[in-house]
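What the coordinates show
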Amino acid sequence: QVQLVQSGGGLVQAGGSLRLTCAVSGSPISSAAIAWYRQAPGKQRELVASISFRRIANYADSVKGRFTISRDNTKNTMYLQMNSLKPEDTAVYYCNVGYYGVNYWGQGTQVTVSS
């Protein structure tokens, strides 16, 4: 059974940085597509960043140049480094891994950016 456990997040001032971590168990992330999503109050969940099966990274326009998605296959863990945070980045962030069309989600972690 694939399980994703998130850590990191919290409260930070605008301009600050945070790193989100997602530890995956049950299947190697080296063979998965990985992604981070977020959902702000009253809004739909949106894709923030992803790395495809072909190892191509993709970012939402709103976070390009500020966020970096990465993975450590030896630790079976994925990360989202968030720099130059803005109040509009405030949301619950979710990690996601996909294996041949089956998606698994982390439990979500709150990120709050104060102005």
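Here's what I pulled together on the structure shown here. (Residues numbered from 1 in each chain as written. Predicted model: local features only at pLDDT ≥ 70, side-chain atom pairs only at ≥ 80, totals over all residues. Heavy atoms only, no water.)

A tally of helices and strands in the protein chain yields 0 helices and 11 strands. When the backbone C-alpha atoms are referred to their principal axes, the protein chain occupies close to 40 × 25 × 25 Å. A burial count over the protein chain gives 43% of its 115 residues as buried. Counting contacts in the protein chain only where the partners sit at least 6 residues apart, residues at least 24 apart contribute 55% of the total. When the accessible surface of the protein chain is split by element, carbon and sulfur atoms take 49% of a total near 6,100 Å². Across the protein chain, the centroid of the 11 positively charged side chains sits 6 Å from that of the 5 negatively charged ones. (Helix = DSSP H or I, 4+ residues; strand = E, 2+ residues; numbered from the N terminus. Buried < 20%, exposed > 50% of the residue type's maximum accessible area, 1.4 Å probe, protein only. Contact = heavy atoms within 4.5 Å. Areas by Shrake-Rupley, 256 points an atom, 1.4 Å probe, with all protein chains shown as cover. Lys, Arg positive; Asp, Glu negative; His and termini not counted. Charge placed at Lys NZ, Arg CZ, Asp CG, Glu CD.)

Let us now look at the nonpolar core. Counting 30 residues, the largest nonpolar core has Trp36, Leu80, Met82, Tyr93 and Val97 as its most contacted members. Elements with a contribution of two residues or more to this core: strand 3 (18-25), strand 4 (33-39), strand 5 (46-51), strand 7 (67-72), strand 8 (77-82), strand 9 (91-99) and strand 11 (109-114). Counting residues per element, this core draws most heavily on strand 9, which supplies 5 residues. Aside from chain neighbours lying at most four places away, what touches leucine 80 is Leu18, Arg19, Leu20, Trp36, Val48, Ala49, Phe67, Thr68, Ile69 and Tyr93. (Core = buried A, V, L, I, M, F, W, Y, C linked by side-chain atoms within 4.5 Å.)

This part takes up the pairing of strand 3. In this structure, strand 1 (residues 3-7) lies alongside strand 3, joined through 5 bridges in antiparallel fashion. Note on strand 3: the bridge partner recorded for glutamine 3 is serine 25. In the sheet, strand 3 pairs with strand 8 via 6 bridges, with the strands oriented antiparallel. Paired with arginine 19 across the bridge in strand 8 is glutamine 81. (Pairing = 2+ DSSP bridges.)

Ordered by their spatial adjacency, 4 strands build an open sheet running 1-3-8-7, and the pairing between neighbours is antiparallel. Edge positions in the sheet fall to strand 1 and strand 7, since each has one partner strand and no second. Strand-to-strand, the axes of this sheet are offset by a mean angle of 15 degrees, without reference to chain direction. (Axes fitted to C-alpha atoms, helices over the stretch in contact; angles between N-to-C directions.)

The subject of this paragraph is the layout of surface pockets. In this structure, the largest pocket spans a volume of roughly 180 Å³. Forming the walls of the largest pocket are Arg38, Gln39, Ala40, Lys43, Gln44, Glu46, Ser62, Arg66, Lys86, Glu88, Asp89 and Ala91. By residue class, the composition of the lining of the largest pocket is 2 nonpolar, 3 polar and 7 charged. (1 Å grid on protein atoms, 1.4 Å probe; cavity = no way out; pocket = protein on both sides within 12 Å on 5 of 7 lines; lining within 4 Å. Points joined across faces, edges and corners; volume = space filled by probe spheres on them. Nonpolar A, V, L, I, M, F, W, Y, C, P; charged D, E, K, R; others polar.)

Quick look at the state of the cysteines now. Within the structure shown, the criterion is met by 1 disulfide. Between the sulfur of cysteine 22 and that of cysteine 95 lies a disulfide, 2.1 Å long from S to S. A torsion of 60 degrees about the S-S bond marks the disulfide between cysteine 22 and cysteine 95 as right-handed. Of this pair, cysteine 22 sits in strand 3 while cysteine 95 sits in strand 9; the two residues are 73 residues apart in sequence, bridging distant segments of the chain. Cysteine 95 carries the same exposure label as cysteine 22, and that label is buried. (Disulfide = S-S within 2.5 Å.)

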